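Below are the chains, spelled out letter by letter.
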Amino acid sequence: MLTGYRFKKSLHDLIRGIRACKDEEATDKYVRSAISECRQEVLSQDMDVKAMAVLKLAYLQMFGHDMTWASFNVLEVMSSPKFAQKRIGYLAAMQSFGVDTDVLMLATNMLKKDLASSNHLDVAMAISGLSNIVSPSLARDLAEDLVKMMNHSKPYVRKKAVLVMYKIFLQFPEALRTSFPRLREKLEDPEISVVSATVNVICELAKKHPKNYLPLAPQLFNILTTSSNNWMLIKIIKLFASLGPIEPRLKTKLIPPITNVIQTTTAMSLLYECINCIVSGGMLSKEDEQLATMCVGKLRIFFEETDQNLKFVGLLAYNKIVLTHPLLVAQNADVIMDCMDDPDLSIRERAVELVVYLVNTDTLFDVVKRLMLQLIPQSRDQVLPEHYRVEVVRRILDMCSNNTYSNVTNFEWYVAVLVDLVKITEGVKDIGAEIGVELQNVAVRVRSVRDYAVGASARMVTDKDVMIKNPGVLKYAGWIAGEYAIYLDNPEIILDAMINIEPQTLSDDTAAVYIQAIPKIYSKYAGTDRIPWTHSRAQEILQLTENIVAYLEKYSTSMDIEVQERSVEFLELFRLIALAIKERPDDDSDLTPPALISQAMPSMFNVWELNPVSAKAQKRIPIPEGLDLDEEFNAPVVYSESEDEEEALLREQIMKQQQLNSGKNINSVAASTTAKAKSNKPKSTRDGASSESEDEEEMERRRQERRRRQAEDPFYILESDKVVSKSRKQRQNSSSSELSGPDDPMKNEKLDIDSIPIMKLEIASIAAPVTKKKSKRHRTQPAHVEIATEETFGDENAATVVHPDEAAQRRTSARATSHKKSILRVDARGLENYDLDSPDEDEADRKEVEKFKAEILEARKKAAKAAEEEVRATHIVVKKKKKKAKVVKKVKKREEKNDTLTEKPAEEEKTDEKTEEKAEENVEGQGDIVKT
Amino acid sequence: MAVQYVILLSRQGKVRLAKWFLTLSLKEKSKIVKDVSTLVLGRRTKMCNFLEYKESKVVYRRYASLFFIAGVDSTDNELITLEIIHRYVEQMDRYYGNVCELDIIFNFQKAYYILDELLLAGELQESSKRDVLRRISQQDALEEAEGDEEKFNRLGI
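Fair warning: this is a prediction, and the values are worked out from it, not measured in the lab.

Time to look at the overall build of chain A. If you tally the helices and strands in chain A, you get 46 helices and 4 strands. Among the 932 residues that make up chain A, the fraction classed as buried is 36%. Within chain A, contacts between residues separated by at least 24 positions form 70% of all contacts whose residues are at least 6 apart in sequence.

Quick look at the structure:
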């Protein structure tokens, strides 16, 4: 060893010393003293001592001890002429240097020297070292040297140089342009390891910006069909997977050789890569039945082995194929289902993810049961990790709600599952809310199971356990209990439970829902006409009312604005109710409850039933034709001398409009301007308003005016049957996605009202019959369950089929997600946007500027010679100098001119320059200028 | 980027080697080592050798008392990564001759040198088993020659 004859601590001594330490404290002490020794040793004049110190520090660095303070000494050791020391220096540098290490600035020359060394081992070491420490400035300074190294006589150096180029590109993307031809040559290198290295680099590059590397496809294809090196084949296939999506024609070319590999190879890694390429390279469309069958069939082999790794990757691949070919994957449901109970959680997770797509009405019960059993802890020490439990719950919800519950045949069962899930997932953070959303969804959509869901919700609200262990669900359970209070068996118990909760135990948003639910339940309970309003009843209700008042008072000072607002509002109402009850006579003479309870309260909550509305419905409302928000609502007031004159003016206007409109039909939808509104008016007065008598017209006009005003007024409610009939018409109209067709006879009369968008939405969602989707009929003939679909506008079908991911996303939109940038992701933004096809603007521009400068200088010299034209010449030059920064893209044009320019004599040059200037200005006008 | 890092971990959770193909701060490195160690040590024998960590994949395999761990991109082929790990173990086995944990502890720099010949910038640079070892022995021979020379010089003085 190096330090055999010195009285310094060697690496062996250090390691032995550390191993001899009994506990952490002693180790720490020992290491600290060792580091302080090293601090002295790195300053030694003896290079051996210095190198050993650096090696020791590199060892300690591995355990997290900082050695950046020794960066300069590391550099010293790196520049040692001795290979042994240099090796240590490079090792330490690779371990400890970062892009921001300041001594790297000093390393450039040393690296250049090592790269130019006659000893290929030195060169190789410098390249290896550089791969780890390359910074943008190093990349810029050394790119050229490395490009030279790609043609080194030794393949050992060549392959390293090729590989390090990727690191250079990452730091200095411009190098790609200059070195790409050389890199391309390396695909034809006689040495397989160099070719392989080149494929590796291009594969990585193609992941960032595939378009640049399409021209290499023939060469790569050749390697694919001729090589037998599996390592390289995997990379080539991966590379084609990146190219596939941008060049669809590659598919037909690639499938035969890849199929061949799939059929013949014995290496599972290669087989897997091939299948992966077909799937993620966009080569598997819905029509490629045969190809998909082969892939799915081959993947099945992965499950027949005992190797867990193959199962895992097999599931990953199935997960990708299932998106296009669910039926084919479903044929292997047996092996996939087996993985659901695998002892390995990673495998289980993947399998469960996949099963979501494979369940059908027959298997759903069984699958959900198996998953629920997993969630129940077998014993105290065998509790599954929380993230897995959350995952399983989400998958259960996904597979049930998938495709508007098309797999669920028995909704009582589903509600029971949800209730059980709440129980099982006690203590799991946030999942309660997700289950709650599902429960709410079912309660709203599936009328037949509503009473059951309400019962379940009521039990949750009264259950103290739920409140402590899974409070997230209560917000939704509380809402259901309130909204569907009519189904409650014992509303007074629920009310009692709700108002006896201490304010601090509920989260604010749950409290807000409870405050809203309490009046709903109260109005159902107190406002019922089944129980006669006797004296005792009055006393009971009074007591309850006062309890609620007391409860609301607690919240009226809440810090949460929603809770405070709701509680204060209802507080006033309940105080009024209490007052109304007290004002009643004390005897049983009046058997009717106060109107506030029997009429006012119910009318607050029960006028219309809520229906699910698609989240996208609002977006689908078409913008009314002719709606211009910038236009004035009221035309500026015209001051006229007499009323008659105004009237005449108006009539004239109307006539004009009518003439205009007589040719085309008037169905401009929103009468957004007075002018347009008036244009509708004569139309509705049964054609040819001019023949009607003055009075009649005037009356009709006013009627129309009023109707329009009412329609526009969102607070004005029309009689209900009228609304219904209109809404029906509307549905007809809207279903043909036209508001009012040209040949619609109804349009003239009701045009105004129909065309008000705000009314339309209200009518459609309130009074229109709920469109119901029947669950599909299956062999088992399940009971018909009607599931209300989401209401939307326009294309109904688009909204009813909800993709599972979308549904899940909606459900979990509240879930906090942190999208922090992973530190493991390499920053390759430079490469992502680097297009080799586009001309190198920077480079071309720089050259242009240089050339231009030289020309100007020359021109100046010549101009100085020509004394009488001196003034003019310098003037031009100054002008040109200003333009210097702007360089025109059209390089060729310029070059032609420049060429002629140099040949021409001095006198002509000036005129030429002038024209050039003009040309430049022209181009500038086109916006074709690139600023350097 | 193919391989992001290679970590050798003893069964007790002690780091025996940590090679980074990404430039990270010491703090970030320590965090990853700690997280990945916990993940890997928590695995049982019958489980598969792949894990997910953040946006990357962790591929590991246990050889005797050591865990060999490689971090790869999420799009990379897990199976081939496993083969790279195996290749590395094979190389060390030949170089040290029946490699054991102690060999790697006391000659940690050699383990790095071998890895540097096998992988560069996270990519496999040599698929020939013989070639990697030939390079290492060339380097060792050069080192030795230098040492001998120095000894002669000292004796000469």
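Right, let's get into the overall build of chain B. Within chain B, the regular secondary structure consists of 5 helices and 7 strands. Across chain B, helices and strands are ordered from the amino to the carboxyl terminus as β-β-α-β-β-β-α-α-α-β-β-α. Put simply, chain B has 157 residues, and 45% of those count as buried. Summarising the internal contacts of chain B: among those between residues at least 6 apart in sequence, 46% fall at separations of at least 24.

The subject of this paragraph is unusual backbone geometry. All names here are of chain B. The phi torsion at lysine 54 lies on the positive side, around 50°, for a residue other than glycine. Taking the number of C-beta atoms within 10 Å as the measure of exposure, lysine 54 has 16 and is therefore partly exposed. Unusually for a residue other than glycine, alanine 121 sits at a positive phi of about 55°. In this fold, alanine 121 is placed in the loop between β6 (119-120) and β7 (123-124). Take alanine 121: there are 29 C-beta atoms within 10 Å of it, and that puts it in the buried class.

This part covers the interface of chain A and chain B. Residue-level contacts link 51 residues of chain A with 48 residues of chain B. Of the residues forming the side of chain A that touches chain B, the biggest block, 7 residues, is contributed by helix α9 (residues 155-171) of chain A. Tallied by class, the residues present in the side of chain A that touches chain B amount to 26 nonpolar, 14 polar and 11 charged.

Okay, the sheet that holds strand β2 (residues 15-20) of chain B next. All names here are of chain B. Reading across the sheet, the 5 strands line up as β2-β1-β5-β4-β3 and stay open at both edges, with antiparallel pairing between neighbours. Whereas interior strands pair on both sides, the edge strands pair on one side only; in this sheet they are β2 and β3 (50-53). Direction aside, neighbouring strands of the sheet carry axes that sit 20° apart on average. Judged from the 4 bridges that link them, β3 and strand β4 (residues 56-63) form a sheet pairing that is antiparallel. The residue bridging tyrosine 53 from the neighbouring strand is serine 56, located in β4.

Attention now moves to the confidence of the model for chain B. In the predicted model, chain B carries a mean pLDDT of 87, and the fraction of residues at 70 or more is 98%. Predicted complex metrics record ipTM = 0.94 and pTM = 0.66.

For the rest of this paragraph, the subject is the nonpolar core. Soluble globular proteins: nonpolar side chains tend toward being buried together. One finds Val54(A), Met165(A), Ala481(A) and Ile69(B) to be the most contacted residues of the largest nonpolar core, which totals 249 residues. Ranked by the residues each element gives to this core, the list is headed by α9(A), at 11 residues. Setting aside residues no more than four positions away along its own chain, Met165(A) makes contact with Leu146(A), Ser179(A), Leu183(A) and Val201(A).

Our focus in this paragraph is helix α6 (residues 104-115) of chain A. All names here are of chain A. Here α6 is 12 residues long and its end C-alpha atoms lie 16 Å apart, about the 16 Å a rise of 1.5 Å per residue gives. Taken as a whole, α6 has its buried residues at Leu104, Ala107, Leu111, Asp114 and Leu115. For α6, the buried positions fall inside an angular range of 85° around the axis, keeping them on one side. Across α6 from its buried face, at more than 90 degrees, point the exposed residues Met105, Leu106, Asn109 and Lys113. Elements in contact with the buried residues of α6: α4 (71-78), α7 (120-133) and α8 (136-149).

Residues and elements named next belong to chain A. By secondary structure assignment, the location of alanine 550 is in helix α30 (residues 535-555). When the 12 C-beta atoms within 10 Å are taken as the criterion, alanine 550 is described as exposed. Considering only alpha carbons, one finds alanine 550 and phenylalanine 574, 24 residues apart in sequence, at a separation of 10.0 Å.

All names here are of chain A. The geometry of helix α3 (residues 47-61) relative to helix α5 (residues 83-96) is characterised by a closest axis approach of 9 Å and an angle of 30° between their N-to-C directions. Looking at the two axes, α3 sits roughly parallel to α5. Relative to α5, α3 is oriented so that their crossing is left-handed. Touching Met47, Ala51, Val54, Leu55, Leu57, Ala58 and Gln61 of α3 are Gln85, Ile88, Gly89, Leu91, Ala92, Gln95 and Ser96, all from α5. Grouping the amino acids of the contact of α3 with α5 by side-chain chemistry returns 9 nonpolar, 5 polar and no charged.

Our next topic: the confidence of the model for chain A. Residues and elements named next belong to chain A. Counting all residues, the mean pLDDT for chain A is 75, and 71% of those residues have values of 70 or more. Taken together, the stretch residues 663-692 has pLDDT below 50 and engages in 58 contacts with residues farther than four places along the chain or on a different chain. A low-confidence stretch, residues 796-804 stays under pLDDT 50, and its non-local contacts, those more than four residues away or across chains, total 16 contacts.

Looking now at the pairing of β2(B). Residues and elements named next belong to chain B. As paired strands, strand β1 (residues 3-10) and β2 are joined by 5 bridges and run antiparallel to one another. Within the sheet, the bridge partner assigned to leucine 9 lies in β2 and is valine 15. With antiparallel pairing between neighbouring strands as the criterion, β1 and β2 make up a hairpin whose turn holds 4 residues, including glycine 13 at a positive phi of roughly 90°.

What follows covers the packing of helix α2 (residues 78-97) of chain B against helix α4 (residues 108-118) of chain B. Residues and elements named next belong to chain B. Look at α2 against α4: their axes get within 10 Å of each other, and the N-to-C directions meet at 130°. Relative to α4, α2 is oriented oblique. Relative to α4, the crossing made by α2 is right-handed. Contact residues: Arg87, Tyr88, Gln91, Met92 and Tyr95 in α2; Lys110, Ala111, Ile114, Leu115 and Leu118 in α4. Tallied by class, residues from the contact of α2 with α4 come to 7 nonpolar, 1 polar and 2 charged.

Relative to the 20 Å expected for 14 residues at 1.5 Å per residue, helix α13 (residues 230-243) of chain A spans 20 Å between its end C-alpha atoms, a close match to the ideal helical length. Counting buried positions along α13(A) gives 13 out of 14 residues, so the element sits mostly inside the fold.

All right, on to the pairing of β4(B) then. All names here are of chain B. As consecutive antiparallel partners, β3 and β4 are separated by 2 residues, and within that stretch lysine 54 has a phi angle of approximately 50°, a positive value. Both β4 and strand β5 (residues 66-73) contribute to a ladder of 8 bridges, which runs antiparallel. Bridging across to β5, arginine 62 finds its partner in phenylalanine 67. Following β4, the chain reverses through 2 residues before pairing antiparallel with β5; alanine 64 in that reversal takes a positive phi of roughly 50°.

Moving on, we get to the environment of Leu75(A). Residues and elements named next belong to chain A. As for its placement among the helices and strands, leucine 75 is situated in helix α4. A residue is classified by how many C-beta atoms lie within 10 Å of it, and leucine 75, with 20 of them, is buried. Placed 14 residues apart in sequence, leucine 75 and glycine 89 show a C-alpha to C-alpha distance of 6.7 Å. With sequence-adjacent residues up to four places away left out, leucine 75 is seen in contact with Val103, Leu106 and Ala107.

Moving on to the environment of Leu506(A). Residues and elements named next belong to chain A. Relative to the assigned elements, leucine 506 resides in the loop between α28 (491-499) and α29 (508-526). Expressed as a C-alpha distance, the spacing of leucine 506 and proline 471, which sit 35 residues apart in the sequence, is 7.8 Å. Beyond its immediate chain neighbours, meaning those up to four positions away, leucine 506 contacts Ile501, Ala511 and Tyr514.

Conventions and cut-offs
Residues numbered from 1 in each chain as written. Chains lettered and ligands numbered in written order. Predicted model: local features only at pLDDT ≥ 70, side-chain atom pairs only at ≥ 80, totals over all residues. Helix = DSSP H or I, 4+ residues; strand = E, 2+ residues; numbered from the N terminus. Buried ≥ 20, exposed ≤ 12 C-beta atoms within 10 Å, placed from the backbone. Contact = placed C-beta atoms within 7 Å. Nonpolar A, V, L, I, M, F, W, Y, C, P; charged D, E, K, R; others polar. Pairing = 2+ DSSP bridges. Axes fitted to C-alpha atoms, helices over the stretch in contact; angles between N-to-C directions. pLDDT = per-residue confidence, 0-100. Core = buried A, V, L, I, M, F, W, Y, C linked by C-beta atoms within 7 Å. Expected span 1.5 Å × (residues − 1). Arc of directions from axis to C-beta. Parallel < 35°, antiparallel > 145°, perpendicular 65-115°, else oblique. Left-handed = near helix turned anticlockwise from the far one by under 90°.

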